[in-house]
There are 2 protein chains.
Amino acid sequence: MTGSLTVVGLGPGRAELTTPAASAALAQATDLIGYGPYLDRIVAASAGQVRHATGNRVELDRARHALELAASGKSVAVVSGGDPGVFAMAAAVFEAIEAGPAEWRALDIRVEPGVTAMLAAAAEIGAPLGGDFCAISLSDNLKSWTTITRRLEAACAGDFVVALYNPLSKARPHQLGEAFEILRRHKAPSTVVVMVRAAGSGEMRRITTTLGEVNPAQADMRTLVLIGSTATRLITRDGREPWIYTPRREELAP
Amino acid sequence: MTGSLTVVGLGPGRAELTTPAASAALAQATDLIGYGPYLDRIVAASAGQVRHATGNRVELDRARHALELAASGKSVAVVSGGDPGVFAMAAAVFEAIEAGPAEWRALDIRVEPGVTAMLAAAAEIGAPLGGDFCAISLSDNLKSWTTITRRLEAACAGDFVVALYNPLSKARPHQLGEAFEILRRHKAPSTVVVMVRAAGSGEMRRITTTLGEVNPAQADMRTLVLIGSTATRLITRDGREPWIYTPRREELAP
């Protein structure tokens, strides 16, 4: 079996944030598979390269299709935004391998990492991830809201900086507001909250607010929500958005 | 004031994992400042570019020096490995700005994100960060061991996948072992642990083990330690290292 499959992270949007290793993996592929808007970001790499665009909600079908192509001898690139290992396609590919035919385990499978949304968002606003932090997806397509609630509570108990991925969608418009309610039970109203939309795309927009005042309706699927720890601070600037950072020196309250 | 300062993430090691945006920022700088081994990774960008190599433990001095150069009109690049916002130089720069002269707030300050060690390590071994996860630095240079302990316990309470940065050093050889002791109080001995050394450098070495059997003496400063959630799994392969992944579909035990 000579086929290969590489799960490629495009990074957050701007072409200059796609690693050369990811670009090389795309150029070498015979077949590109991914959510349409991600494929649209890729400049035609080579003549004869086949593109398989899919919807956003069919990750496991897309993974199986990619593995079948690889098993037939193709060099397949499965395309993700950001980093493929963070709430993206890599886990779906390994789920499909584990449940699939034994021969898929003999394929040459690689993952090309990328700049994930929380790193791009952090870089746009300062250094909010300067202390310990956690990343939580608010999507309950694949886990229960009870699990998400317990994760949010644990994040408060540890006073982590929190990065929320997939904060809401048309199918689940209320989840971000519910998450803020849970966080407000454990964290001060003055806690820094920044909603960063389209970080690293060249079209970034940010809303800097607090846990007491945040309006979840201002977020959408392209928003990464950062919630500070007790140590996270603003540096004000004349006529410009403040920088947000978490000092490296920090102590939890007793 | 016309100077600028960009905190640049080189990524985990291989030149192909440095973003074009980071490379461009390095090429445009008049002055490069950073820990010597990071500067050594940068190919000479332009004639007349000045390099200021420093030790590993003087982040705040290095940040102030960089800001003084920028305030004097230079285009300064402060160089970090990985992503500069994750346990690296970006937070030190903003700490220095907040404590420094008001004119530093008028400087053009940017952060160029990069592929941080946990993303590179995850990509080398599968998709261990497929669920919710947290990142904790074990260095107690700047926070107490009590704070670190509480973070580790919260990570267990939330059943996060855990990425441990700075697991130990010559000055603090016992901390990783103590961290495993804390985790063992809350997590099963069968919990997946992977120690990934020099991920993304082309010289990666990995040790796949369990929380019950892990030997902390096998880690060093270049090791990223990944500890699975209850959902994290191995996919075995004939004659090769297993893939490690965390399924997207997961539930906490009641």
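Quick caveat: nothing in here was measured; it's all calculated off a predicted structure.

Trainee: A description of the sheet that holds strand β6 (residues 126-127) of chain A should follow, citing residues and the corresponding values.
Mentor: Residues and elements named next belong to chain A. Here 3 strands make up an open sheet; going across it, the order is β6-β13-β12 and the pairing mixed. For this open sheet the edge positions go to β6 and β12 (233-237), each flanked by a neighbour on one side alone. By the bridge criterion, 2 bridges tie β6 to strand β13 (residues 240-245) in an arrangement that is parallel. Directly across from G126, in β13, lies its bridge partner I244.

Trainee: Describe the relation of the copies chain A and chain B, naming the residues involved and giving the relevant values.
Mentor: In screw terms, the move from chain A to chain B is a rotation of 180° and a rise of 0.0 Å along the axis, fitting with an RMSD of 0.0 Å. Read as a symmetry element, the transformation amounts to a two-fold axis. When C-alpha positions in chain A are compared against the rotation axis, the closest is assigned to C134(A), at 1.9 Å.

Trainee: For the interface of chain A and chain B, give the residues involved together with the corresponding values.
Mentor: Facing the 77 residues of chain A at the interface are 77 residues of chain B. Here chain A and chain B share 10 salt bridges between them. Among the ionic pairs, E98(A) bridges to R233(B), the shortest N-O distance being 2.6 Å. Element by element, the count of residues in the side of chain A that touches chain B is highest for helix α4 (residues 89-99) of chain A, at 7 residues. Of the residues in the side of chain A that touches chain B, the class split is 42 nonpolar, 15 polar and 20 charged. Bridge count for strand β7 (residues 133-137) of chain A against strand β7 (residues 133-137) of chain B is 3 bridges, and the pairing is antiparallel. Looking at the pairing, F133(A) lines up with A135(B) of β7(B).

Quick notes on the rules
Residue indices follow the written sequence of each chain, beginning from 1 at its first position. For naming, the first written chain is A and the first written ligand is 1, with later ones following in the order written. Whole-chain, interface and lining totals are the exception, using all residues; otherwise, since this is a predicted model, local features are given only for residues with pLDDT of at least 70 and side-chain atom pairs are given and counted only at 80 or more. Processing note: side-chain calculations cover all non-hydrogen atoms of the structure and skip hydrogens and water entirely. At least two bridges found by DSSP between two strands are what make those strands a pair. The helix count covers DSSP runs of H or I at least four residues long, the strand count covers runs of E at least two residues long, and both are numbered beginning at the N terminus. The atoms used to superpose the copies are C-alpha atoms, taken from residues with pLDDT of at least 70 in both, and the fit is least squares. Should any heavy atoms of two residues lie within 4.5 Å, those residues are considered in contact. Take a side-chain nitrogen of Lys or Arg and a carboxyl oxygen of Asp or Glu: if they are within 4 Å of each other, that pair is a salt bridge. Charged residues are taken to be Asp, Glu, Lys and Arg, nonpolar residues to be Ala, Val, Leu, Ile, Met, Phe, Trp, Tyr, Cys and Pro, and polar residues to be all remaining types, Gly included.

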